[in-house]
Structures are given as structure tokens and as C-alpha cells.
Amino acid sequence: MRYKKLPEFDIKLRYQQQLEMGAILGVLLFILIFVISKEIKVQVQQRDLDIQVIEVEEVEQTIQEKVAPPPALPTVPVASEDEDLPDDIDYDIGEDID
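Let me sum up the structure you'll find in this document. (Residues numbered from 1 in each chain as written. Predicted model: local features only at pLDDT ≥ 70, side-chain atom pairs only at ≥ 80, totals over all residues. Heavy atoms only, no water.)

### Here's the deal with the overall build of the chain
From N to C terminus, the chain includes one helix and zero strands. Entry remark: accessible area of the chain is about 12300 Å², with carbon and sulfur atoms responsible for 57%. (Helix = DSSP H or I, 4+ residues; strand = E, 2+ residues; numbered from the N terminus. Areas by Shrake-Rupley, 256 points an atom, 1.4 Å probe, with all protein chains shown as cover.)

Spelled out as C-alpha cells, the structure:
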């Protein structure tokens, strides 16, 4: 039994060469197709078109009145469960902070 490939059949050994040959053949094929397509002449039949004129009617400018937004719902103050809370709290931050 053989566990090693013969160098003639090993694709990895000739990868660079095969890649270059493929690129060269691809570019040559592209150039050949481009040159052949330039030589092809297509005959196009031209026919006269009957263009219809579209008339546009004048439309009067409409004025849309701006509707005022509905008034905001009044907020209802909610009473606190703790009656001893002061209304305003003053925080003494200190004068060190700029």
C-alpha cells in the first residue's frame, strides 16, 4: 500500500503554476470574446413612433387650514402617603465642586 501521492498527481505541489495558467487562459478568453463581439454587426429596424401630446390642466392651489392641537390634559397631583415630607428639599452640594 502506498500512503504517499506521486509528485505527478499531487495538486498542492503545482498549485501556483495551475493558478497562473488559469489566470492567463481566463484573460485570453476574455480578450478573444471582446474582439469577436466588436466584429458582430447587429441590424436594427427603425420605425417611426407616433408620440401623443399630453395636455396638463391647471389645478387651483388649495389652502389647508392648520388645526390647533388639542389642549393637554390637566395633571392631577397625587397625595403622598407620608405627610411629614417637606415640599421643597434643598441639597447642600458644597462649594468645592466646580
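There is more to say after this.
### Thoughts on a nonpolar patch on the surface
Together, V27, F30, I31, F34 and V35 make up a nonpolar patch on the protein surface, roughly 500 Å² of accessible area in all. When you line up the elements, F34 lands in helix α1 (residues 15–39). The class for F34 is partly exposed, based on a relative accessible area of 47%. (Patch = residues over 30% accessible without salt bridge, like charges linked within 9 Å, V, L, I, M, F, W, Y side chains within 5 Å. Salt bridge = Lys/Arg side-chain N within 4 Å of Asp/Glu carboxyl O. Buried < 20%, exposed > 50% of the residue type's maximum accessible area, 1.4 Å probe, protein only.)

By themselves these figures say nothing about function.
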